[in-house]
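Next come the chains, spelled out residue by residue.
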Amino acid sequence: MTLLNVQNLTTYYQIRRGFVRAVEDVSFSLERGEAMGLAGESGCGKTTVALSLLKILPPNGKIVRGKILLNDLDVVKLSESELREKIRWKAISLIFQGAMNAMNPMYKVEDQIVEAIRLHEKGVTKKEAKDRVAKLFEMVGLEPERAKGYPHEFSGGMRQRAMIAMALACNPSILIADEPSTALDVIVQAQVLKLLDELKRKLNLAIIMISHDLSIISETCDKLAIMYAGRIVEVGDVLSVFKKPLHPYTQGLIAAFPSIYAPKQEMSAIPGSPPNLLNPPKGCRFAPRCNYSMDICLKESPSLIEADKNHFVACHLVHK
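Keep in mind that this is a model prediction, so the values were computed, not measured.

### Quick word on the environment of Cys170
Then, in step 1: Among the structural elements, Cys170 can be located in the loop between helix H6 (156-167) and strand E7 (174-178).
Then, in step 2: Through-space distance from the C-alpha of Cys170 to that of Ile113 is 9.8 Å; in sequence the pair is 57 residues apart.

Below, the structure is given as structure tokens:
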């Protein structure tokens, strides 16, 4: 059953020099209980997609066109009050990058989660909300009493678990994890990722995992979407994309990832830099950095087509 269906999502940021085309014609779907990874270089539009789904863009950001269908309800058309009552926290919740910065250091963690619950669920008493916080802390592997502490009294891993508890406070169907393991050591990182996987199975959550770390996505996600310069260039199930990457950019990302099993060699890197999204190239946005670029790549932007079963790619090499 399709839970989320994003169609041609296009989001721009207005600055003095014009419009930054941060996300353009992004389409994907998400099933209940499915985990999708969203990967790509910094600045490719991953976080903007997440913010667009909840319509919490900064003041200069705007969804220009497209649909975000959540159980056939178009999120794009909802008012601020409808978003608060129906979507944010209740249907879609977000784990922000950097748990310390996402929490108010002046308030106890418990009070912040209680505030979120009572703001989005009318009629819930303070005691009921506190009881729920205690259960949430147990669910994410924290002692309920620790909820009475301040964010600075938590370790990095504990803060991230507390953020996950906060994100689950109103029983959402979709959880967006934006770089959930940033700044954590590998042991704590593994614990947090294992927790997310357990919660996905236990609560039948759909998860969007945003990360530049392909190893995290390979271990935690069912399918993978690769973004470049505001657009999805390849999407398919994780094994298909890793075993047979079709887009030159995906091939470059996987080649650049170090392997402890491969022979020692110099790190492979993709030459050049991403385009300026104030004035992106007319054709394929990856063409200036692509070793296989053809004349058509400089003139026409390739559409996303199904190259193999449930494996889509936007590349003229595949179109031929």
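### Description of the packing of aromatic side chains
Then, in step 1: All told, the structure shown has four aromatic pairs when counted by the stated rule.
Then, in step 2: The interplanar angle of 45° and the centroid separation of 6.4 Å between the aromatic rings of Tyr12 and Phe19 together place this pair among those described as tilted.
Then, in step 3: Here Tyr12 falls in the buried class, since its relative accessible area comes to 14%.
Then, in step 4: By relative accessible area, which is 44% here, Phe19 ends up partly exposed.
Then, in step 5: Consider the rings of Tyr228 and Phe286, whose centres lie 5.1 Å apart with planes at 85°: the pair is edge-to-face. You can see Tyr228 sitting in strand E9 (residues 223-228) and its partner Phe286 sitting in the loop between helix H10 (248-256) and helix H11 (295-299), a full 58 residues away along the chain.
Then, in step 6: Given a relative accessible area of 4%, Phe286 falls into the buried group.

### Looking at helix H1 (residues 46-54)
An α-helix turns once per 3.6 residues; consequently, residues spaced three or four apart project the same way.
Then, in step 1: Of all nine residues that make up H1, eight are buried, and the element is covered over most of its length.
Then, in step 2: Burial in H1 covers these residues: Lys46, Thr48, Val49, Ala50, Leu51, Ser52, Leu53 and Leu54.
Then, in step 3: In the segment just after H1, Lys55 is the residue with positive phi, at about 55°.

### Some details on the layout of surface pockets
Then, in step 1: The calculated volume of the largest pocket comes to roughly 370 Å³.
Then, in step 2: Along the walls of the largest pocket sit 19 residues, with Trp89, Phe96, Ala116, His120 and Met166 positioned nearest its centre.
Then, in step 3: When contributions to the lining of the largest pocket are tallied by element, the ones reaching two or more residues are strand E6 (92-95), helix H4 (109-120) and H6.
Then, in step 4: Ranked by residue count, the leading element in the lining of the largest pocket is H4, at five residues.

### Looking at empty space enclosed by the protein
Then, in step 1: Per the counting criterion, the structure on display carries two cavities of 30 Å³ or more.
Then, in step 2: Quantified by volume, the largest cavity comes out at close to 70 Å³.
Then, in step 3: As for the largest cavity, its lining consists of His247, Pro248, Cys284, Phe286, Ala287, Cys290, Tyr292, Cys297, Cys315, His316 and Leu317.
Then, in step 4: Each pocket or cavity is described by its volume, and for the second largest cavity that value is around 40 Å³.
Then, in step 5: Surrounding the second largest cavity, Ala35, Leu193, Leu196, Asp197, Ile207, Met209, Thr220 and Cys221 form its lining.

### Concerning the sheet that holds E7
Then, in step 1: Across the sheet, eight strands lie side by side as E6-E7-E8-E3-E9-E10-E12-E11; this open sheet has mixed pairing. Strands with a single pairing partner mark the edges of an open sheet, and in this sheet they are E6 and strand E11 (305-308). Taken pair by pair, the neighbouring strands of this sheet meet at an average axis angle of 25°, ignoring direction.
Then, in step 2: Strand direction decides the pairing type here: E9 and strand E10 (residues 231-237), joined by six bridges, are antiparallel. Among the inter-strand pairings, Lys223 is bridged to a residue of E10, identified as Asp237.
Then, in step 3: Sitting on the sheet, H1 touches strand E3 (35-39), E6, E7, strand E8 (206-210) and E9, and the angle it makes with E6 is about 145°.
Then, in step 4: Against the sheet, H6 contacts E6 and E7, and its axis sits at roughly 170° relative to E6.

### A word on the packing of H4 against helix H5 (residues 126-139)
Then, in step 1: The geometry of H4 relative to H5 is characterised by a closest axis approach of 9 Å and an angle of 115° between their N-to-C directions. As H4 packs across H5, the resulting crossing turns out to be right-handed. Here Val109, Glu110, Ile113, Val114, Ile117 and Arg118 of H4 lie close against H5, whose contacting residues are Lys126, Ala129, Lys130, Arg132, Val133, Leu136 and Phe137.
Then, in step 2: By residue class, the composition of the contact of H4 with H5 is eight nonpolar, no polar and five charged.

### Side note on unusual backbone geometry
Then, in step 1: Positive phi, close to 55°, is recorded for Asp25, a residue that is not glycine.
Then, in step 2: Of note, the phi angle at Asn310 is positive, near 55°, even though the residue is not glycine.
Then, in step 3: With respect to the helices and strands, Asn310 occurs in the loop between E11 and strand E12 (311-313).

Basis of the calculations
- Residues numbered from 1 in each chain as written.
- Predicted model: local features only at pLDDT ≥ 70, side-chain atom pairs only at ≥ 80, totals over all residues.
- Heavy atoms only, no water.
- Helix = DSSP H or I, 4+ residues; strand = E, 2+ residues; numbered from the N terminus.
- Phe/Tyr/Trp six-rings, centres within 6.5 Å; stacked < 30°, edge-to-face > 60°.
- Buried < 20%, exposed > 50% of the residue type's maximum accessible area, 1.4 Å probe, protein only.
- 1 Å grid on protein atoms, 1.4 Å probe; cavity = no way out; pocket = protein on both sides within 12 Å on 5 of 7 lines; lining within 4 Å.
- Points joined across faces, edges and corners; volume = space filled by probe spheres on them.
- Pairing = 2+ DSSP bridges.
- Axes fitted to C-alpha atoms, helices over the stretch in contact; angles between N-to-C directions.
- Contact = heavy atoms within 4.5 Å.
- Left-handed = near helix turned anticlockwise from the far one by under 90°.
- Nonpolar A, V, L, I, M, F, W, Y, C, P; charged D, E, K, R; others polar.

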